[in-house]
Amino acid sequence: MSVLDTREPAVPDTGPADPAPARPPGRRSPLRRVLADRKARTGLLLLAAFALLGLLAPVLAPGDPSLIGDSGATPPSARHWLGTTAKGQDVLALTLWGARSSMLVGFTVGLAATLVALLVGLASAYLGRLVDDLLTLVTNIFLLLPGLPLLVILAAFLPPGTTTVVLVLTVTGWAGSARVLRAQAASIRGKDFVAAAVVTGERPLRIMFREILPNMASVVMTTLLGCVIFGIGAQAGLEFLGLGDSSVVSWGTNLYWAGNDGALMTGAWWAFVPSGLCIALVAFALALVNYAVDEVTNPRLRPRRASRPKEKR
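Note that the structure is predicted; figures quoted are calculated from it, not measured. (Residues numbered from 1 in each chain as written. Predicted model: local features only at pLDDT ≥ 70, side-chain atom pairs only at ≥ 80, totals over all residues. Heavy atoms only, no water.)

K.L.:
Sorry if this is basic, but what is going on with the packing of helix α4 (residues 91-127) against helix α7 (residues 162-173) here?
P.N.:
The packing of two helices is summarised by the inter-axis angle and the distance between the axes. Packing of α4 against α7 leaves a shortest axis separation of 9 Å and a crossing angle of 40 degrees. Accordingly, the angle class assigned to the pair α4 and α7 is oblique. Taken as a pair, α4 and α7 cross one another with a handedness that is right-handed. From α4, Val105, Thr108, Val109, Ala112, Ala113 and Val116 reach across to α7, where they touch Thr162, Val165, Val166, Leu169, Thr170 and Gly173. Residues of the contact of α4 with α7, tallied by class, amount to 8 nonpolar, 4 polar and no charged. (Axes fitted to C-alpha atoms, helices over the stretch in contact; angles between N-to-C directions. Helix = DSSP H or I, 4+ residues; strand = E, 2+ residues; numbered from the N terminus. Parallel < 35°, antiparallel > 145°, perpendicular 65-115°, else oblique. Left-handed = near helix turned anticlockwise from the far one by under 90°. Contact = heavy atoms within 4.5 Å. Nonpolar A, V, L, I, M, F, W, Y, C, P; charged D, E, K, R; others polar.)

See the structure below:
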């Protein structure tokens, strides 16, 4: 009798299984695409460095940086890396402590102005009719008012302080962003999915914040970065003109006291260059992140890949 072989046929060894196909770069989330951009990484690293220096200011430069010393207007040396002011204050300590106030005010103004502009833009675009006419009129009034004189008048009549600076810059900095966000929201308002949400009986607030707002993320991010740049620069301008609280150490007040002490006339460049350079670098970092966001969300700004040369036969 023949014995039947009940063993299963051997499966040929084809090597290790092929790995799962990688996710194509075009399907990555917008946040990952922004973080993968070299410009965004450079800008974020600069911002993180300034934020870290501001947070560590009490450790790196302990004590009150505005205390008057006995060595006035000395150039950079081993004892004072960035020199001293005409009052004998260490410029490095003033620069580090100034980062705390300037960056706090800049990002607070950016968030507040963007929030006001977003609420006005969404309400104007979605509610329409009377609400749209009223909000558009208010926005146009703020756009027609000259910015610098309004800043000066508000800052001069309100009590000095950080809160006043934030309030003044928020009041004068939301109108332009509101017009941009209103136009973007109005274009999304006419989409089919918004009409479907209206037909199904969704509440207006839910439609505005759950249907329209997520499709405006890139524009809102760009608006936020622009408002932060405006906040940092406008605060420095107000304080340089003497309309801020001169007792608060910030990059703007550093420039104000450098001008009052005649640093430019006496050639004491170390008294005003560090604060001015910090303002420029922070604005440059925010502009890099802003450009990266535009590049990721706008296909026309994406760099085209060079076509590979054809191989010769």
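K.L.:
When you look at the nonpolar core in this model, what are you seeing that I'm missing?
P.N.:
One broad rule of soluble globular proteins: the nonpolar side chains tend to lie buried together. Counting 22 residues, the largest nonpolar core has Leu122, Trp174, Leu181, Ile212 and Met216 as its most contacted members. Elements with a contribution of two residues or more to this core: α4, α8 (175-189), α9 (192-199), α10 (204-212) and α11 (217-240). With 7 residues, the single largest contributor to this core is α4. If we ignore the near neighbours within four places in the chain, the residues touching Leu181 are Thr114, Ala117, Leu118, Gly121, Met216, Val219, Val220 and Thr223. Core analysis: the second largest hydrophobic core is formed by 21 residues, Val228, Ile232, Ala236 and Val293 among them. (Core = buried A, V, L, I, M, F, W, Y, C linked by side-chain atoms within 4.5 Å. Buried < 20%, exposed > 50% of the residue type's maximum accessible area, 1.4 Å probe, protein only.)

K.L.:
What is the right way to read the pattern of salt bridges from this model?
P.N.:
Between side chains of opposite charge, pairing is possible as soon as their charged atoms come close. In total, this model carries 4 salt bridges according to the counting rule given. Among the ionic pairs, Lys39 bridges to Glu295, the shortest N-O distance being 3.8 Å. Placement of the pair is Lys39 in helix α2 (residues 38-55) and Glu295 in helix α14 (residues 273-297), with a sequence separation of 256 residues. Linking Arg182 and Asp132 is a salt bridge whose minimum nitrogen-to-oxygen distance equals 2.6 Å. A residue pair is termed long-range when its members are at least 10 positions apart, and Arg182 in helix α8 and Asp132 in helix α5 (residues 129-144) qualify at 50 residues. Residue Asp132 is classed as buried on the basis of its relative accessible area of 11%. (Salt bridge = Lys/Arg side-chain N within 4 Å of Asp/Glu carboxyl O.)

K.L.:
It is not clear to me how the packing of α4 against α10 should be interpreted in this structure. Could you clarify?
P.N.:
Two elements in contact, α4 and α10, have axes separated by 11 Å at closest approach and are oriented at 115 degrees. Relative to α10, the element α4 lies roughly perpendicular. The handedness of the crossing between α4 and α10 comes out as right-handed. Of the residues in α10, those in contact with Leu119, Leu122, Ala123 and Tyr126 of α4 are Pro204, Ile207, Met208, Phe209 and Ile212. For the contact of α4 with α10, a count of residues per class yields 9 nonpolar, no polar and no charged.

K.L.:
For this particular structure, what's the right way to read helix α6 (residues 147-157)?
P.N.:
The α-helix advances 3.6 residues per turn, and as a result positions three or four apart in sequence lie on the same side. What α6 keeps buried is the set Leu150, Leu151 and Ala155. Down the axis of α6, the buried set is contained in an arc of 120 degrees. They therefore lie on one face. Projecting away from the buried face of α6 at angles above 90 degrees are the exposed residues Ala156 and Phe157. (Arc of directions from axis to C-beta.)

K.L.:
Mind showing me how you'd approach the environment of Ser124 here?
P.N.:
Looking at the element boundaries, Ser124 is found in helix α4. With relative accessibility at 2%, the residue Ser124 sits in the buried group. Separated by 62 residues in sequence, Ser124 and Ala186 have C-alpha atoms that sit 8.4 Å apart. Residues in contact with Ser124, not counting those within four places in the same chain, are Asp132, Leu135, Thr136 and Arg182. Looking at Ser124, its side chain comes within polar contact range of the side chain of Asp132, at 2.3 Å. (Polar contact = N/O pair within 3.5 Å; in protein donor to acceptor, adjacent residues only side chain to side chain.)

K.L.:
Where do I start with a nonpolar patch on the surface in this structure?
P.N.:
On the surface, Leu52, Leu53, Leu55, Leu56, Val59 and Leu60 cluster together into a nonpolar patch covering about 570 Å² of accessible area. Secondary structure elements with two or more residues in the nonpolar patch: α2 and α3 (57-60). Considering each element in turn, the nonpolar patch owes the most residues, 3 residues, to α2. In this structure, Leu53 sits in helix α2. Look at Leu53 and you get partly exposed, because its relative accessible area is 37%. (Patch = residues over 30% accessible without salt bridge, like charges linked within 9 Å, V, L, I, M, F, W, Y side chains within 5 Å. Areas by Shrake-Rupley, 256 points an atom, 1.4 Å probe, with all protein chains shown as cover.)

K.L.:
Would you mind showing me how to read the packing of aromatic side chains here?
P.N.:
Within a pair of aromatic rings, the relevant descriptors are the distance that separates the centres and the angle that separates the planes. Tallied over the entire structure, the rule returns 4 aromatic pairs. Here Trp269 and Trp270 contribute two aromatic rings whose centre-to-centre distance is 5.8 Å and whose plane-to-plane angle is 80 degrees, an arrangement assigned as edge-to-face. (Phe/Tyr/Trp six-rings, centres within 6.5 Å; stacked < 30°, edge-to-face > 60°.)

K.L.:
In this structure, what is going on with the environment of Leu55? I would like to understand it.
P.N.:
Locating Leu55 in the fold gives a position in helix α2. Owing to a relative accessible area of 63%, Leu55 belongs among the exposed residues under this scheme. On a C-alpha basis, the gap between Leu55 and Ala99 in space is 8.6 Å, while along the polypeptide they are 44 residues apart.

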